[in-house]
Each structure stands twice: as structure tokens, then as C-alpha cells.
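# Structural overview for review
Spelled out, the chains give:
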Amino acid sequence: MTYVEDELNSQPECWTRAAAQAARHATALPAAGERVAIVGCGTSYFMAQSVAALREDAGQGETDAFAASEFPRDRAYDRVVALTRSGTTTEVLELLTALKGRTRTVALTADPDTPVMTAADDVVVLDFADERSVVQTRFATTALTLLRAHLGLHTDAVVADARAALAAELPEGLVERTQFTFLGRGWTVGLASEAALKMREASLSWTEAYPAMEYRHGPISISTAGTATWMFGEAPESLAGQVRETGALWVPGELDPLAELVRAQRLAVAVAAARGLDPDRPRHLTRSVILAP
């Protein structure tokens, strides 16, 4: 078993543990009414998008998400949340340093022995969700679960769906497809983007991600008998039928959207295996991006 397989299989336990710890970290995490920005790079950026949408939908306050390199430093926030598995990502550390003394910051990380521990004002360490694989799975979803629990949006049903996602067979014929599109709405747009990233990283697949209502504004033109379109959450009316009419495989989101991401992670590993690739060693990638000064 690869590292990434072992790590993605452990997600139900990680989520349960993170949800149980949410109350302990309540003072470090955004309070209701605060104006908040959530930042990250790569996978963490997509998790930031999901959390931002969840927080606003919950009526907790205005919340933006940015790639750490694109943060608007002249904009005022009550708190900035940084997601960084390694605690060493250059863009995140540079941003936290720039905000020191100006804006309250909190970092969610997996490694307590890294520079982020002093770069941020507050730190939440999820070391039990750390990973050996370059490809992120459990840290990202565990960080999202912690923040989801902090908003009062996590339930035991989410963990049950994750277990179901690990136990069920992938849809027949899915692994053999040559192109994959992931769709989301609201908070699941970030999850769809993350699913597409996992497929690119682990299996070098041609993948795309869109807000579901945007799919008919051009991207559906690539759908054919060799493609698959996967919905995270409830699909817009008539979209499934329109996708099927193209000959593409339609994959409905039947589980909690975060559990659907676990299914997509499994697909990425399965496609990598079918193509003779090692998902633990994606080409041109490292566990953390550290830029030379």
C-alpha cells in the first residue's frame, strides 16, 4: 500500500479526533462577526475556499479566501487563518510575517517543529493528520473538518459517509475514462477544484473543475463517451440528463461532499495504478514549496 492510500484510509478517525478538539481551539479560531480571510497554497487554498463559503452561509461574518501569494495586503481583516500542512511554505510564512502586529493570525499546521509556530499569533497543530505523501489527503480534510466543527456544521453522519466512501466500489468504467470534470456549488466548488488537483497530481489526468451552473457555459462541449463528470453535492436541475446525452459518465454526489472528496482521492490512486504511476512520487512536486531567497 502506498503512503497516500494509507493516509486517505485513515480520514474517518482523523475527522472524529479533529471535531472533538474544535472546542479546545475556539479562542484561536474566528469568532462570529469577525471579518476573516483564509489563505493557503495548492490544496490548502481550495480548502480555504470551502471554509470561506461555509462560514458566510452560516451567517458568521464576511469571509474571503486567497492563495497566500495573492492576499491583498492593504485590505483590513479582523483575523487571517493560514492553512499549511508543512509549516514551511514560503508564501504563507512571508504573509504571516508581513501581518505581524497588524492583524491577528492563526495557522493550522501538521508539524510543530517548523517556522510557522512563531510566524503566527496562534497555532492549531493537527500532528495526528500529518502525512508522508507529497499528495495531500487527510491533513486537508481534517483541517476543514476542524473548521467545520467550529462552525457547528460537523456531524457523525459525515464520518459515516467517509467510511462508506472507503468501502464502496468506484463506479464501473470510471477508472478507464480519459478526462474528468468535477463540479460544485457554494462551499463544494473548492472541493471540486481539489478533486481535480488530486487527479492531476497523482495520476497525471486531464481534469477540470467548475461551479456547476457554469458547466453549460462552454465546458460541457468536451463531454463525450470517454469523459466523466462528477457532482459534489446536489446537482442543478436537468444537468445530469444533459451530461448523459453527451455520452459522458455522470457521477452523482450521493454522500456528504467531503466524503465524496475521499472517493475522488481513491479514484486518483486507482487511475495512477492503472497507468503504472506511483502516486507517492508525483513528478515535479515536493511536499512543501520553499522558494530560494
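Use the structure listed above.
Residue positions are counted from 1 within each chain, in the order its sequence is given. Since the coordinates come from a predicted model, pLDDT governs what is reported: local features require at least 70, and pairs of side-chain atoms require 80 or more to be given and counted, while whole-chain, interface and lining totals use all residues. The basis for every side-chain value is the complete set of non-hydrogen atoms in the structure, without hydrogens or water.

## With respect to the sheet that holds strand β6 (residues 179-184)
Read from one edge to the other, the open sheet built from four strands follows the order β7-β6-β8-β9, with strand pairing classed as parallel. Each of the sheet's edge strands pairs with one partner strand only, and the pair in question is β7 (206-211) and β9 (249-251). Each adjacent strand pair in this sheet contributes to an overall mean axis angle of 20 degrees, direction not counted. What makes two strands pair is DSSP finding at least two bridges between them. In this description a helix means any DSSP run of H or I spanning at least four residues, a strand means any run of E spanning at least two, and both kinds are numbered starting from the N terminus. Judged from the three bridges that link them, strand β8 (residues 227-231) and β9 form a sheet pairing that is parallel. Lines fitted to C-alpha atoms define the axes, with helix axes restricted to the stretch in contact, and inter-axis angles between N-to-C directions lie between 0 and 180 degrees.

## Focus on the pattern of salt bridges
Whenever Lys or Arg places a side-chain nitrogen within 4 Å of a carboxyl oxygen from Asp or Glu, that contact is recorded as a salt bridge. Going through the model one piece at a time under the given rule, you end up with twelve salt bridges. Notably, a salt bridge pairs Arg35 with Glu62, separated by 3.2 Å at the nearest N-O pair. In this pair, Arg35 sits in the loop between α2 (11-21) and β1 (36-40) while Glu62 sits in the loop between α3 (43-57) and β2 (63-67), placing the two residues 27 residues apart along the sequence. A simple rule labels every residue: compare its accessible area, found with a 1.4 Å probe on the protein chains alone, to the largest value its type can have, and call it buried under 20%, exposed over 50%, or partly exposed in between. Judged by its relative accessible area of 25%, Arg35 falls in the partly exposed class.

## Some remarks on the packing of aromatic side chains
The geometry of an aromatic ring pair is captured by the separation of the ring centres together with the interplanar angle, meaning the angle of the planes. When two rings of Phe, Tyr or Trp (its six-membered ring) have centres within 6.5 Å they constitute a pair, described as stacked for plane angles under 30 degrees, edge-to-face for angles over 60, and tilted for the intermediate range. The final tally for this structure, using the stated rule, is eight aromatic pairs. Here Tyr210 and Tyr215 contribute two aromatic rings whose centre-to-centre distance is 6.3 Å and whose plane-to-plane angle is 45 degrees, an arrangement assigned as tilted. Relative to Phe232, the ring of Trp230 has its centre 6.1 Å away and its plane inclined at 25 degrees; by these criteria the two rings are stacked. Residue classification places Trp230 among the buried residues on the basis of a relative accessible area of 2%. An aromatic cluster of at least three residues, connected via ring pairs, comprises Phe66, Phe71 and Tyr77. The rule for a charge over a ring is simple: NZ of Lys or CZ of Arg within 6 Å of the ring centre, and within 35 degrees of the ring normal. In this structure, Arg35 is placed above the aromatic ring of Tyr77, and the distance from its NZ or CZ to the ring centre is 4.7 Å.

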